[in-house]
Amino acid sequence: TPKQFCKEDLLSPKAANHLRRFLDAHWDQVCAHYDNEVHTGGTYFARQIGTATTAVAVDVGWVGSGPLLLRHMIENVWSLNCKVTGIVAGTCGHLSPDAESSAAQRASGELVSYLFSDAHNRELWKCHDPSLGHNLLLELILAATTPSFRGFGDTDDSFQFSSKRELIDSAAIQQGILDFSAAFTRHPFGRMQISGADAMAPIRILTNNSKWIHKIISDSRINTNIE
């Protein structure tokens, strides 16, 4: 039964194989539970895209699964006439086991990295270390003001969010970004493009302070690998 696979003593290669076979045998039943949500999601994104034939899906990082999955749903599942390009702030760092997981998608142009990747600003890519909290720091800095989105409901305007959110003043951070953007565009050099390396410079100042990173992550009460 499914309950059997929740026991800690079954978290072994043998148990994993049993679970895989169980899911394979009942995969149609698993997918059927998401039929309403898939339909509602298609309706929502069709309304957001409208008549646009190109769009971008923006995420912090790191393997680009969010933008790539959204691209797949829009183009292949919902068959909306819109080509989607994923944009991430940065890819998995040099020391991450997933460092090259999105290389093919970036080579094809399906995914674009702004700050760094193994093929772009490699010196920044090599310095980025998830084990030191660098991923979480960027995710907190760029966190939304709402709790994490959990899924679509059964109606077109029904959304489900996490009951908790990180304790960080996202609204103030976002307002600061908007204030900087407004001030920069008024500057005589406001038409200049800000490179990924330049945008990363102030973040690198933060990542050099390991004690501060630990404090901001701890104070935020972020649920790592969950939210």
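Our structure's up above, just so we're on the same page.
What counts and what doesn't
- Residues numbered from 1 in each chain as written.
- Predicted model: local features only at pLDDT ≥ 70, side-chain atom pairs only at ≥ 80, totals over all residues.
- Heavy atoms only, no water.
- Helix = DSSP H or I, 4+ residues; strand = E, 2+ residues; numbered from the N terminus.
- Buried < 20%, exposed > 50% of the residue type's maximum accessible area, 1.4 Å probe, protein only.
- Contact = heavy atoms within 4.5 Å.
- Areas by Shrake-Rupley, 256 points an atom, 1.4 Å probe, with all protein chains shown as cover.
- Lys, Arg positive; Asp, Glu negative; His and termini not counted.
- Charge placed at Lys NZ, Arg CZ, Asp CG, Glu CD.
- Disulfide = S-S within 2.5 Å.
- Pairing = 2+ DSSP bridges.
- Axes fitted to C-alpha atoms, helices over the stretch in contact; angles between N-to-C directions.
- Parallel < 35°, antiparallel > 145°, perpendicular 65-115°, else oblique.
- Left-handed = near helix turned anticlockwise from the far one by under 90°.
- Nonpolar A, V, L, I, M, F, W, Y, C, P; charged D, E, K, R; others polar.

K.L.:
Looking at this model, I keep getting lost on the overall build of the chain. Mind explaining?
P.N.:
In terms of regular secondary structure, the chain is built from 10 helices and five strands. Here the C-alpha coordinates of the chain stretch approximately 65 × 45 × 35 Å along the principal axes. Expressed as a percentage of its 227 residues, the buried residues of the chain come to 29%. Long-range pairs, those at least 24 residues apart, make up 66% of the contacts in the chain between residues at least 6 apart in sequence. Total accessible area computed for the chain in this model is approximately 14900 Å², and 56% of it derives from carbon and sulfur atoms. Of the charged side chains in the chain, 20 are positive and 24 negative, and the gap between their average positions amounts to 4 Å.

K.L.:
Can you walk me through the state of the cysteines in this structure?
P.N.:
The tally for this structure, following the rule as stated, stands at zero disulfides. In this structure Cys92 is not part of a disulfide, and its nearest cysteine sulfur, from Cys127, lies 16 Å away. Among the residues examined, Cys92 registers a relative accessible area of 7% and is labelled buried.

K.L.:
Is there a simple way to explain the sheet that holds strand β1 (residues 54–59) in this structure?
P.N.:
Strand pairing within a sheet occurs via backbone hydrogen bonds; the two strands may be parallel or antiparallel. Spatial strand order, β1-β2-β3: three strands in an open sheet with parallel pairing. Unpaired on one side and paired on the other, β1 and β3 (111–116) mark the two borders of the sheet. When the angles between neighbouring strand axes are averaged without regard to direction, this sheet yields 20°. As defined by bridge partners, strand β2 (residues 83–90) adjoins β3 across four bridges and the pair is classed as parallel. Note that in β3 the partner of Val88 across the bridge is Ser113.

K.L.:
So what exactly am I meant to see when it comes to the packing of helix α7 (residues 134–141) against helix α10 (residues 210–220) here?
P.N.:
What describes two packed helices is the angle between their axes and the distance between those same axes. Put simply, α7 and α10 touch, their axes get as near as 10 Å, and they point 55° apart. Taken together, the axes of α7 and α10 are oblique relative to one another. Relative to α10, α7 is oriented so that their crossing is left-handed. Between α7 and α10, the contacting residues are His134, Leu136, Leu137 and Leu140 on the first element and Trp212, Ile213, Ile216, Ile217 and Ser220 on the second. Class assignment of the residues belonging to the contact of α7 with α10 gives a composition of seven nonpolar, two polar and no charged.

K.L.:
Could you clarify how one ought to interpret the environment of Asn81 in this entry?
P.N.:
As for its placement among the helices and strands, Asn81 is situated in the loop between α4 (65–77) and β2. Along the backbone, Asn81 and Ala46 are 35 residues apart, and their C-alpha atoms lie at a distance of 9.4 Å. The residues contacting Asn81, other than those within four sequence positions of it, are Ala52 and Thr53.

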